[in-house]
Amino acid sequence: MDKEMRKRFWNDFLIPTQEVTEDVAYANPAEVARSLVRARNWYGTISEDVLEAVAHIETEAAALRSLEMHKNSLEQFIVARTMLTESLKALPTSVAKNQQTMSVFALSKATPEEAVDLSDIADKQREAEDSKSFWLTERAQAEIMRRALEKTTDWLVQYINWHKFELREQV
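The model shown is predicted, which means the values in this text are computed figures rather than measured ones.

J.: Help me out: how do you make sense of the overall build of the protein in this one?
T.: When its secondary structure is counted, the protein shows four helices and zero strands. Seen in sequence order, the protein has helices and strands lined up from the N terminus as α-α-α-α. Here the protein has a C-alpha radius of gyration of 29 Å; the compact-globule value for 171 residues is 16 Å, and the former is much larger. Within the protein, the proportion of its 171 residues that are buried is 29%. Considering only contacts within the protein whose residues lie at least 6 apart along the sequence, 76% involve residues at least 24 apart. Computed over 22 positive and 29 negative side-chain charges, the inter-centroid distance for the protein is 4 Å.

Here it is in structure tokens:
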């Protein structure tokens, strides 16, 4: 959701109030009813935004898993080839310490083409992480708006019910 749309949402969120006197309600019930209708309409828009963000997050997560698997298989191939060509019976313990040292070792033994492939994979992973982070933020903002809308909608319904009760007592 863009900045202008968020601004419209928060502007629609406000309910005009009037001075409290004995014969006038705090808020005009007709305005409260209009706000309830606007809230209902906004709920659909926000729900669409949440669903869109979730779909993008799942897509980016799948892309990250795929890139990680591709990178791991390429690194394993490089390490295996190195062990065969250099007659290593076992990897040095410093190489097998963790994934990062294994990755650095594979990169140091990679051919220029493999190094370019590993670099491209790393770039794509960063892009996917950035995109996933963006969509996580979008979803979080939409969820905040949705929760605020739910609480306000509850209050609007309570206000309308209170106003109906007040009108019944006057009759």
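J.: How do you make sense of the packing of aromatic side chains when you look at a structure like this?
T.: The geometry of an aromatic ring pair comes down to the distance between the two centres and the angle between the two planes. The tally for this structure, following the rule as stated, stands at five aromatic pairs. The interplanar angle of 85 degrees and the centroid separation of 5.3 Å between the aromatic rings of F9 and W42 together place this pair among those described as edge-to-face. Here F9 is found in helix α1 (residues 3-13), whereas its partner W42 is found in helix α2 (residues 29-85), with 33 residues between them in sequence. Using a relative accessible area of 1% as the deciding quantity, one classes F9 as buried. Measuring from centroid to centroid gives 5.5 Å for Y159 and W162, while their planes differ by 45 degrees, and the two rings are tilted. Here Y159 and its partner W162 are both found in helix α4 (residues 112-170), three residues apart, which amounts to about one turn of the helix. A residue is classified by how much of its surface remains accessible, and Y159, at 7% relative accessible area, is buried. Through a chain of ring-to-ring contacts, three or more aromatic side chains come together here, namely F9, W10 and W42.

J.: I tried to follow the packing of α1 against α2 on my own but got confused; where do I start?
T.: For any two helices packed against each other, one specifies the inter-axial angle together with the distance between the axes. Interaxial distance between α1 and α2 falls to 11 Å at its minimum, and their mutual angle equals 150 degrees. Considering their axes alone, α1 and α2 lie roughly antiparallel with respect to each other. In this structure, the crossing between α1 and α2 has a hand that is left-handed. Contacts from M5, R8, F9 and D12 of α1 reach α2 at R38, W42, T45 and I46. Across the contact of α1 with α2, the residue classes break down as four nonpolar, one polar and three charged.

Quick notes on the rules
- Along each chain, residue indices are assigned from 1 in the same order as the chain's sequence is written.
- The predicted origin of the model limits local features to residues at a pLDDT of at least 70 and limits the giving and counting of side-chain atom pairs to 80 or more, whereas totals for whole chains, interfaces and linings rest on all residues.
- By convention in this description, side-chain values take in all heavy atoms of the structure and omit both hydrogens and water.
- By definition, any uninterrupted DSSP run of H or I lasting at least four residues is a helix, any uninterrupted run of E lasting at least two residues is a strand, and each is numbered from the N terminus.
- The size measure is the radius of gyration over C-alpha atoms, and the globule rule it meets is 2.2 Å times the number of residues to the 0.38 power.
- For every residue, the accessible area (1.4 Å probe, protein chains only) is compared with the maximum for its type, and the residue is labelled buried under 20%, exposed over 50%, or partly exposed between those bounds.
- Contacts are assigned to residue pairs that have any heavy atoms within 4.5 Å of one another.
- The convention is simple: Lys and Arg are positive, Asp and Glu are negative, and His and the chain ends are not counted.
- Where a charge sits is defined by one atom per residue type, namely NZ (Lys), CZ (Arg), CG (Asp) or CD (Glu).
- Stacked, tilted and edge-to-face are the three classes assigned to paired rings of Phe, Tyr and Trp, where Trp is represented by its six-membered ring and a pair needs centres within 6.5 Å; plane angles under 30 degrees give stacked, over 60 edge-to-face, the rest tilted.
- Whenever a helix is involved, its axis is fitted only over the stretch in contact; in every case the axis is a line through C-alpha atoms, and angles between N-to-C directions fall within 0 to 180 degrees.
- When an angle is under 35 degrees it counts as roughly parallel; over 145 it counts as roughly antiparallel; between 65 and 115 it counts as roughly perpendicular; any other value is oblique.
- Two helices cross in a left-handed way if the nearer one is turned anticlockwise from the farther one by less than a right angle. They cross in a right-handed way if the turn is clockwise.
- The classification used treats Ala, Val, Leu, Ile, Met, Phe, Trp, Tyr, Cys and Pro as nonpolar, Asp, Glu, Lys and Arg as charged, and all other residues, Gly among them, as polar.

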